[in-house]
Amino acid sequence: MMGGRGLSLLLLVISALFAQICASDPLFHETFDESFEGSWVVSGKEDYTGVWKHAKSDGHEDYGLLVSEPAKKYAVIKELDNPVTLKDGTVVLQFEVRLQNGLECGGAYLKYIRVQDTRLDTKEFDNHTPYTIMFGPDKCGSTNKVHFILKHKNPKTGEYVEHHLKSPPSVPYDKLSHIYTAILKPDNELRILIDGEEKSKANFLSADDFEPALIPSKTIPDPDDKKPEDWDERAKIPDPDATKPDDWDEDAPMEIVDEEATKPEGWLDDEPDEIDDPEAAKPEDWDDEEDGEWEAPKIDNPKCEEAPGCGEWKKPMKQNPAYKGKWHAPMIDNPSYKGIWKPQEIPNPEYFELDKPEFDPIAAIGIEIWTMQDGILFDNILIADDEKVATSILEKTWKPKFDVEKEKQLAEQAAAGSSDGLSEFQKKIFDVLYKIADIPFLKPYKAKIIDVIEKGEKQPNITISIVASVVVVLVSVLFRTLFGGKKAVAPVKPAAEVKKPSAPEADAAGSSGVTEEKEDEKDDTAAPRRRSRRET
């Protein structure tokens, strides 16, 4: 007969096994092995015309939820059997996405829908449906990030505020399967992983990690405070006692003719800079009545290439030593200066203290996106309360697919030659360049920088040129910021003649194509179109 000590040991083992079994079960796991119809509900809103399909991942027998058409809005939602609470313990949000046709402009993120005050109507799911977390890739123009957005309720006002992760990772550029993981820890830590590798780490209560911060500032500028009328913010003022020197000539020009200059020997006064091209011939289809009198196109005069110059010689200009410009009184310290005025700070009525975020429970999982690309495949959507569960599913489901895709990609790159495809080193370079594009003082140039980077991703052989271009922009902006200076004004080029588009081209051009066509028609009725000499 078993003693008391043995019974206790047996109960302990049974409890440990039970805990292990429970821990191995995810809170939610959608594999899409079976059709999504019946368990997921497609939105009935008229804006969402994109068709979802239950389809295989390219090159695999594994199924997923497919975005089947480009340039559409999509919305589908799955209501959970039981709401998932995020307040206690660790919570892991994880899912796979494969951008089989790339992602030039669109989203591939999930929305974790919060519990509603009234019963959730899944057929009414749209972009206004309240969520607690939005997580996943989003890329378009200058935007290239894996979003993590928390909608948090202000306990003072009752209003929900979107809090964006300040430093989200960028979206992988390729067409392989990738798995995105967000780990929410009970100590307020957030970790974002891509393919099991940590890419971003944050603290929910840190003002450095979320914008706006979850905890509002204790004070705010008084909205009713007004700057006094006699408040002087000028640190420097013109010296009222200064006078212009008697010998200061404001009318002296900046440049004067160099009277000491002499015409270079060999200057060809009677030769023009350009001459008619002697080898040019009038086109056979030239119609003098329609196209006007034909004139040979001009070329550079070969005689001028060997001479110092051609045409009428004029004495050059030189800097005027007497030039002083407009006189201004020197600046002195302003005795009335009071500094830059700011309203006084008052207690923030919306301020509250917080030990932990008040996460709303997750009642449903939705995908609500707009995308210009089709071929986006979602799979293995997971909610777990144990990181080991998420890692285990990653190893069993995503890893084998990724390894096959990666091997195929490397083989294709090897077959195409070393100039094709991005190396690991190049990937890191582009990741750094995307981060450079996010630097605040480069915001006016961000869209252009992103455009250059994306071209580099498509043409890996010009990586060095791309790096050089971004560095030039960075150095130029820094130089301009530190030392001032004006941007050089580019010379205005003559407008190129617009050919009247054919019917299909006009349709593709949209409204601008229609406008150009009408303008051409208007010109045609006024006079015959005259061809330029340069056109020949």
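Residues numbered from 1 in each chain as written. Predicted model: local features only at pLDDT ≥ 70, side-chain atom pairs only at ≥ 80, totals over all residues. Heavy atoms only, no water.

S.K.: Break down the side chain of K78 for me, with residues and values.
M.R.: Structurally, the position occupied by K78 is in strand 5 (residues 72–84). Of the side chains with opposite charge, E30 comes closest to the buried, unpaired K78, at an N-O distance of 5.0 Å. With residues near it in sequence (within four places) discarded, K78 still touches F28, S39, W40, A364 and I365. (Helix = DSSP H or I, 4+ residues; strand = E, 2+ residues; numbered from the N terminus. Buried < 20%, exposed > 50% of the residue type's maximum accessible area, 1.4 Å probe, protein only. Lys, Arg positive; Asp, Glu negative; His and termini not counted. Salt bridge = Lys/Arg side-chain N within 4 Å of Asp/Glu carboxyl O. Contact = heavy atoms within 4.5 Å.)

S.K.: Quick one: what's the story with helix 4 (residues 387–416), residue by residue and with numbers?
M.R.: Turn by turn, an α-helix covers 3.6 residues, leaving residues three or four places apart pointing in a common direction. The sharpest bend along helix 4 reaches about 45 degrees and sits at W398, with the proline P400 one to four residues further on. Where helix 4 is concerned, the buried positions are V389, A390, I393, L394, W398, K401, F402, E405, K406, Q409 and Q413. (Bend = angle between axes of the 7 residues up to and from the residue.)

S.K.: Please set out the state of the cysteines residue by residue, giving values where relevant.
M.R.: Counted by the stated rule, this structure contains 2 disulfides. Bridging C304 to C310, the disulfide has an S-S length of 1.9 Å. What sets the handedness of the C304 and C310 disulfide is the S-S torsion sign, and at about -120 degrees it is left-handed. Note on accessibility: C304 and C310 belong to one class, buried. Numbered by position along the chain, the disulfide-linked cysteines of the protein chain connect as 1-2, 3-4. (Disulfide = S-S within 2.5 Å.)

S.K.: If you had to explain the packing of aromatic side chains to someone new, which residues and values would you point to?
M.R.: Counting across every chain of the model gives 10 aromatic pairs. Their ring planes at 80 degrees and their centres at 5.2 Å tell us that F204 and F359 sit as a pair that is edge-to-face. With F204 in the loop between strand 14 (197–203) and strand 15 (210–211) and F359 in the loop between strand 23 (345–347) and strand 24 (362–371), this pair connects stretches of sequence that are 155 residues apart. F359 carries the same exposure label as F204, and that label is buried. In textbook terms, an aromatic cluster arises when at least three aromatic residues are bridged by ring pairs, as seen for F95, F135, F148, Y180, F204, F210 and F359. Taking NZ or CZ as reference, R114 lies 3.5 Å from the ring centre of Y160, over its face. Of note, K151 hangs over the ring of Y131, and the distance from its end group to the ring centre comes to 4.7 Å. (Phe/Tyr/Trp six-rings, centres within 6.5 Å; stacked < 30°, edge-to-face > 60°. Lys NZ or Arg CZ within 6 Å of the ring centre and 35° of its normal.)

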